[in-house]
Structure formats: C-alpha cells, structure tokens
Amino acid sequence: MKSKINIKVVFIMGVSPTVFYKNCYSKYAIAAVNVFTMEQIHGLFKAGQRANAPFIVQMTPVARNYAHSKMLLAMIDAAAKIYPKAVYAIHLDHGNEPHAFDAITSNSYNSVMIDASHDNFETNISRTKTVVEAAHKNNVVVEAELGVLSGVEDDISIDEKHAKYTQPSEVVDFVNQTNCDSLAVAVGTSHGAYKFSGGQGIQFDILKEIQKRLPNFPIVLHGGSAVNKEEINRINKNGGSLNKEAAGVAPEEIVKAITYGVCKINIATDTRLIWARVHREFFNTSPELFDPIIPGQKYMEAYETFMLEKFDLLKATGKVSQLKI
C-alpha cells in the first residue's frame, strides 16, 4: 500500500520588489498604483505590458474591505494571464497588523507595508519589527514609514498641523532596529487631492541627507500623484466641486527625486480623478444612457494612456528587459 505524501505548495504571484529596486536605484522609479476595480487592473496591466515597464499593484485595507482581498487577487491573477508579459509585484499599502499578517500568511503578496508612522518612534520600531519578522519568514518584504504625511489616504485623515517631516537623524537607527526592506518618508508630499497646500514642494535637502545616511537603500515616496489641473477643471465643469487650488507633485520634482534614491512612487489620486472625470462627462453629456460598460471602457483607455505617460516620466519604459528575475 502506497503512503500518501503531503506537499505544501507555496505560490506567490509576481516578483519581489527587491528585484526592481536593485536595478532601478537612482536611474528610474517603479510606479506603485492602488487598485479597487476591474477597470483599473485592466488598464494598469495593459499599460505595463505595452510599455515593458515593471510596476507594483497595490491594495489598501479599505480596498480589501471593499472588494474583498480574494476578489482583488483573483482579478490580478486573471490580468496576469491576459497580459502574460506584464512584470509586477503585489503589495499591501498602508497596512495595519491584521491586514499585514493576513497578507503574509496568504502566500499571495510579495510585499507588505506596516504603517505605524503615527506612533512615537519606539512604538513604530516595535510594531514594524514584529511585522518584519513574520514577513521575512515567508519571503515577503516589508515597507515601513517614518514621518507623517498630511492629507487623506482612504479613511485615514491627518490634519496639516500634525504633519511632520522624516528626521534624517533617525533613519539609520530605525532601519537597523526594524530590518525593514524599504522606507517611506515624509518630505513634503501629501495624500489625496490636498497636495502642497504650503506651496513648498518636495524637501530635497531632507532627501539628500537621508540618501547620505542610507546609501543604496530604497526610499518610497507616498502621495506621488500630479493632480492634473485639467482633470480638476473638467470634473468641476460637469457637476464636481473639487478644490481648484489642489496641486500635486510636479513632474520635474518626481524626476529629480529619483536621483536621491526614491525607487517607488505611489499613485492613487490621479487615477481616481480620471475615473471621476470620465464618468461625470459621460453621464452629463449622455443623460439618457445608463450602461456602465461604455464609461467603463472609456476609463480603461484613459487609464492606460495615463500609465504609459507615467512610465515614461519615471523612466521605467522598456526596463523589464534589464531585470534579473
């Protein structure tokens, strides 16, 4: 009688971000894009394959709660089959412990973020270290955050007066104690469409000092959307009421940040603005229609165009061929 052999299969879709970071450091940056819907996933993967650019597909706890993590992962898996030449990583963005540990044990994520940046320094270290230890046992890398960004990230709202820049004097100690694999820093960007209300932009003196203290260590820039004025105007023209003064990260500042070790640039607000513009224009100009497929298709096309332009800006177009996977 033959004995049964139980084999545990560990399957993780995508590529570890560390592969991306080793190749891109100071030369180009990886677009890390938050997704909620099928249309966004289609647009992202189609653009990534067409541009031959590596990218990171991200899910926040709110996105996982909204669509369910299994639904999002299933759509990503389907997209990988539809666009087989797309090279990507799967990342949990702005995770807390329940979401981080669930992502780690699911064997479906390449990377997780633990966001304890609102805690004091020692608590941030303690929480981050706990997640890192669990993640590394499962070959999952960890992004941590030091410093607090202002603005809105899904259901997280931080008043401008509570925002504080990352202190370069703390970064080495933080990385050494936590053993995190990348570090998100607060250097003047903001979450949501509330960017640069102080008009000062990215603080490159801080970035420069961080790079000096952490040479060749991947830095992450949250709040990396541009907030296109034309998108704001078109949304408001069709019934929206967004702040006309909202401004994002200028393209030239994004390009400059890459030279200071920024390897990963998070994008969410811009894709939401495109969604709002496409759907407001469609239903305003075609009030007799109610088919979601028509604006959905328009959104996928606009999303793809946006991402192709973003890959070019980040100098990531064509870089898949350089990766050693």
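Above this note sits the structure.
First, a word on scope: everything that follows refers to the structure included in this document.

What counts, and where the lines are drawn
- Residues numbered from 1 in each chain as written.
- Predicted model: local features only at pLDDT ≥ 70, side-chain atom pairs only at ≥ 80, totals over all residues.
- Heavy atoms only, no water.
- Helix = DSSP H or I, 4+ residues; strand = E, 2+ residues; numbered from the N terminus.
- Buried < 20%, exposed > 50% of the residue type's maximum accessible area, 1.4 Å probe, protein only.
- Contact = heavy atoms within 4.5 Å.
- Areas by Shrake-Rupley, 256 points an atom, 1.4 Å probe, with all protein chains shown as cover.
- Polar contact = N/O pair within 3.5 Å; in protein donor to acceptor, adjacent residues only side chain to side chain.
- Arc of directions from axis to C-beta.
- Pairing = 2+ DSSP bridges.
- Axes fitted to C-alpha atoms, helices over the stretch in contact; angles between N-to-C directions.
- Core = buried A, V, L, I, M, F, W, Y, C linked by side-chain atoms within 4.5 Å.
- Expected span 1.5 Å × (residues − 1).
- Right-handed = clockwise from strand over helix to strand, strands pointing away.
- Salt bridge = Lys/Arg side-chain N within 4 Å of Asp/Glu carboxyl O.

Our focus in this paragraph is the overall build of the protein. The helix and strand inventory of the protein stands at 12 helices and 11 strands. Per-residue burial over the protein gives 56% buried out of 325 residues. Pairs at least 24 residues apart make up 77% of the contacts formed inside the protein by residues separated by at least 6 positions. Summing over all exposed atoms, the protein offers an accessible surface of approximately 15,100 Å²; the carbon and sulfur share of this is 53%.

Within the element layout of this structure, Asn 236 appears in helix H9 (residues 229-237). For Asn 236, a relative accessible area of 17% puts it in the buried group. Here Leu 242 takes part through its backbone nitrogen, which lies 2.7 Å from a polar atom of the side chain of Asn 236. Asn 236 has contacts with Ser 241, Leu 242 and Lys 244, leaving out every residue within four places of it along the chain.

All of the buried residues along helix H10 (residues 251-258) are Glu 253, Ile 254, Ala 257 and Ile 258. On an axial view of H10, the arc spanned by its buried residues comes to 145°, and they lie on one face. Lining the buried residues of H10 we find helix H8 (204-213), strand S10 (219-221), strand S11 (262-267) and helix H12 (293-313).

For the rest of this paragraph, the subject is the sheet that holds strand S4 (residues 111-114). On the basis of which strands lie adjacent, the closed barrel formed by eight strands has the order S1-S2-S3-S4-S5-S8-S10-S11 and parallel pairing. Adjacent strand axes in the sheet meet at a mean angle of 25°, parallel and antiparallel pairs treated alike. Across four bridges, the pairing between S4 and strand S5 (residues 141-146) is parallel. What sits directly across from Val 112, in S5, is Val 142. Seen against the sheet, helix H1 (residues 17-24) touches strand S1 (30-34), strand S2 (55-59), strand S3 (88-95), S4, S5, strand S8 (182-185) and S11 and runs at an angle of roughly 140° to S2.

On to the nonpolar core, then. Residues Phe 20, Phe 45, Leu 183, Leu 207 and Met 307 are the most contacted members of the largest nonpolar core, which totals 90 residues. Per-element tally for this core: the top contributor is H12, with seven residues. Sequence-distant contacts of Phe 20, defined by excluding residues within four places in its chain, comprise Val 15, Tyr 28, Ile 30, Pro 54, Phe 55, Ile 56, Val 87, Tyr 88, Ala 89 and Leu 323. Counting six residues, the second-largest nonpolar core is a separate cluster that includes Val 227, Ile 232, Ala 246 and Leu 273.

Here we come to the side chain of Arg 277. Within the element layout of this structure, Arg 277 appears in helix H11 (residues 269-285). On the basis of relative accessible area, Arg 277 is assigned to the buried category, the value being 12%. Reaching out from Arg 277, the side chain makes a polar contact with the side chain of Glu 231 at a distance of 2.8 Å. Discounting residues that sit within four places of it in the chain, Arg 277 has contacts with Glu 231, Arg 234, Ile 235 and Ala 302.

Another aspect to go through is H11. Its 17 residues place the ends of H11 24 Å apart at the C-alpha level, agreeing with the 24 Å of an ideal helix rising 1.5 Å per residue. Looking at the buried side of H11, the elements it contacts are S1, helix H2 (38-51), H9, S11 and H12.

Most of S5 sits out of view: six of its six residues are buried. Along S5, one buried face is formed by Val 141, Glu 143 and Glu 145 and the opposite face, lined by Val 142, Ala 144 and Leu 146, is buried too. Handedness of the crossover joining S4 and S5 through helix H6 (residues 121-137) is recorded here as right-handed. In this structure, S5 lies alongside S8, joined through four bridges in parallel fashion. Its bridge partner being in S8, Leu 146 is matched across the sheet by Val 185.

Here the focus is the pattern of salt bridges. Per the counting criterion, the structure on display carries 10 salt bridges. Between Arg 64 and Asp 102 there is a salt bridge, and its shortest N-O distance comes to 2.7 Å. One end of the pair, Arg 64, is in helix H3 (residues 61-67); the other, Asp 102, is in helix H5 (residues 97-105), and 38 residues separate them in sequence. With relative accessibility at 6%, the residue Arg 64 sits in the buried group. The salt bridge partner of Arg 277 is Glu 231, with a shortest N-O separation of 2.8 Å. You can see Arg 277 sitting in helix H11 and its partner Glu 231 sitting in helix H9, a full 46 residues away along the chain. Overall, Glu 231 belongs to the buried group, its relative accessible area being 12%. Ionic contacts of the salt-bridge type, sharing partners, join the residues Lys 46, Arg 50 and Glu 304 into one network.

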